[in-house]
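Listed below, chain by chain, are the residues.
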Amino acid sequence: MTNRFEPADASLRDGRAVHLRAIERSDEEEILQAFDRLGAEARYMRFMHSVREANVPRLREVLGSFPEKGLAIAATVPADDGIDIVGAASFVIGSRGDDCEFAISVVDGWAGAGLGQVLMTALVGAARTRGLREMTGFVLAENSPMLRLAGRLGFAVRRDPDDFSQCICRLALDRGA
């Protein structure tokens with residue numbers, strides 16, 4: 001059981017390549033740039049309501065809690081200023097200590113190429129390596145691409161009985177790959 005994430009390179013369906021690595025506090029500016037590249041619909045799907053500006057204090061709080069309380073993985077590509085983050089997936093460890101909640105974002109222009117699957121597969125693997133037993137995510141019921149991906153990855157997908165506008169995606173991490 002470890003909280004380290006080993007960087008890796010991945011090829012997408014369209015032939016583009018990304019580098020996966022753990023997000024660090026020093027990535028704040030790149031994360032904010034990636035947020036600015038998210039379209040309105042991608043932001044809505046990620047935050048489950050309309051968001052126009054990044055919540056910088058919350059970002060700093062979450063980044064400061066890693067790796068003790070979770071992990072965020074960035075998909076990066078070379079850019080004129082060094083790198084661009086084109087997608088990210090994270091989990092935050094729950095109050096039980098053996099469960100986590102995931103979130104994922106893919107920048108417009110990189111959606112539909114398999115980046116979400118690459119990120120979620122890496123995130124699930126990292127959670128398993130960490131010894132977590134269950135991963136949960138709350139996904140808008142209208143977010144068909146994410147719900148299909150969750151199903152392909154083995155998540156049980158059910159409507160939230162308390163809020164029919166969202167689904168709960170749950171994966172037992174201690175059940176094989």
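Thresholds applied
Residues numbered from 1 in each chain as written. Predicted model: local features only at pLDDT ≥ 70, side-chain atom pairs only at ≥ 80, totals over all residues. Heavy atoms only, no water. Helix = DSSP H or I, 4+ residues; strand = E, 2+ residues; numbered from the N terminus. Rg over C-alpha atoms; globule rule 2.2 N^0.38 Å. Buried < 20%, exposed > 50% of the residue type's maximum accessible area, 1.4 Å probe, protein only. Core = buried A, V, L, I, M, F, W, Y, C linked by side-chain atoms within 4.5 Å. Contact = heavy atoms within 4.5 Å. Disulfide = S-S within 2.5 Å. Phe/Tyr/Trp six-rings, centres within 6.5 Å; stacked < 30°, edge-to-face > 60°. Lys NZ or Arg CZ within 6 Å of the ring centre and 35° of its normal. 1 Å grid on protein atoms, 1.4 Å probe; cavity = no way out; pocket = protein on both sides within 12 Å on 5 of 7 lines; lining within 4 Å. Points joined across faces, edges and corners; volume = space filled by probe spheres on them. Nonpolar A, V, L, I, M, F, W, Y, C, P; charged D, E, K, R; others polar. Arc of directions from axis to C-beta. Patch = residues over 30% accessible without salt bridge, like charges linked within 9 Å, V, L, I, M, F, W, Y side chains within 5 Å. Areas by Shrake-Rupley, 256 points an atom, 1.4 Å probe, with all protein chains shown as cover. Salt bridge = Lys/Arg side-chain N within 4 Å of Asp/Glu carboxyl O. Lys, Arg positive; Asp, Glu negative; His and termini not counted. Charge placed at Lys NZ, Arg CZ, Asp CG, Glu CD. Axes fitted to C-alpha atoms, helices over the stretch in contact; angles between N-to-C directions. Parallel < 35°, antiparallel > 145°, perpendicular 65-115°, else oblique. Left-handed = near helix turned anticlockwise from the far one by under 90°.

Let us now look at the overall build of the protein chain. Helix and strand content of the protein chain: five helices and eight strands. For the protein chain, the succession of helices and strands along the chain, N to C, is β-β-α-α-α-β-β-β-α-β-α-β-β. Taking 16 Å as the expected radius of gyration for a compact globule of 177 residues, we find that the protein chain reaches 15 Å, a close match to that expectation. Dimensions of the protein chain, computed from C-alpha atoms along their principal axes, come out at roughly 45 × 35 × 35 Å. Within the protein chain, the fraction of its 177 residues that count as buried is 45%.

Time to look at the nonpolar core. Core analysis: the largest hydrophobic core is formed by 38 residues, its most contacted members being V18 and M135. Among the secondary structure elements, those contributing two or more residues to this core are β2 (17–22), β3 (70–79), β4 (82–93), β5 (99–106), α4 (115–129), β6 (134–140), α5 (144–152) and β8 (163–172). Sequence-distant contacts of M135, defined by excluding residues within four places in its chain, comprise F91, C100, F102, M120, L123, V124, A127, F155, C169, R170, L171 and L173. Listed in part, the 15 residues of the second largest apolar core include L32, L38, L59 and A74.

Next up on the list: the state of the cysteines. Working definition: the covalent bond between the sulfur atoms of two cysteines is a disulfide. Evaluation of the coordinates by the stated rule reveals zero disulfides. No disulfide involves C100; its nearest neighbouring cysteine sulfur is the one of C169, lying 13 Å away. With a relative accessible area of 2%, C100 lands in the buried category. Note on C167: no disulfide assigned, nearest cysteine sulfur contributed by C169 at a separation of 6.4 Å.

This part covers the packing of aromatic side chains. Under the criterion given, the structure shown has one aromatic pair. Their ring planes at 65° and their centres at 5.4 Å tell us that F102 and F155 sit as a pair that is edge-to-face. In this pair, F102 is assigned in strand β5 and F155 in the loop between α5 and β7 (156–160), connecting sequence segments 53 residues apart. For the residue pair F102 and F155, the accessibility class agrees, reading buried in each case. The ring of F35 has R43 lying over it, and the distance from NZ or CZ to the ring centre is 4.1 Å.

Moving on, we get to the layout of surface pockets. In this model, the second largest pocket occupies a volume close to 230 Å³. Residue lining of the second largest pocket: 13 residues in total, with A22, I23, E24, P67 and L71 positioned closest to the centre. For the lining of the second largest pocket, a count of residues per class yields eight nonpolar, one polar and four charged.

Looking now at α5. Of all the residues in α5, the buried ones are M146, L147, L149 and A150. What you see down the axis of α5 is that its buried residues fit within an arc of 160°, all on one side. Of the residues in α5, the exposed ones pointing more than 90 degrees away from the buried face are P145, R148 and R152. Residues of α5 that are buried in the fold lie against β5, α4, β6, β7 and β8. Positive phi appears at G154, one or two residues downstream of α5, with a value of about 95°.

It is worth spelling out a negative patch on the surface at this point. On the surface, a cluster of negative charge is contributed by E29, D36, D80 and D81. Residue position: D80 is located in the loop between β3 and β4.

At a closest axis distance of 11 Å, the pairing of helix α1 (residues 28–37) and helix α3 (residues 56–65) adopts a crossing angle of 130°. Comparing the axis directions of α1 and α3 gives the class oblique. Here the hand of the crossing between α1 and α3 comes out right-handed. Contact residues: E28, I31 and L32 in α1; V56, L59, R60 and L63 in α3. Its residues assigned to classes, the contact of α1 with α3 shows five nonpolar, no polar and two charged.

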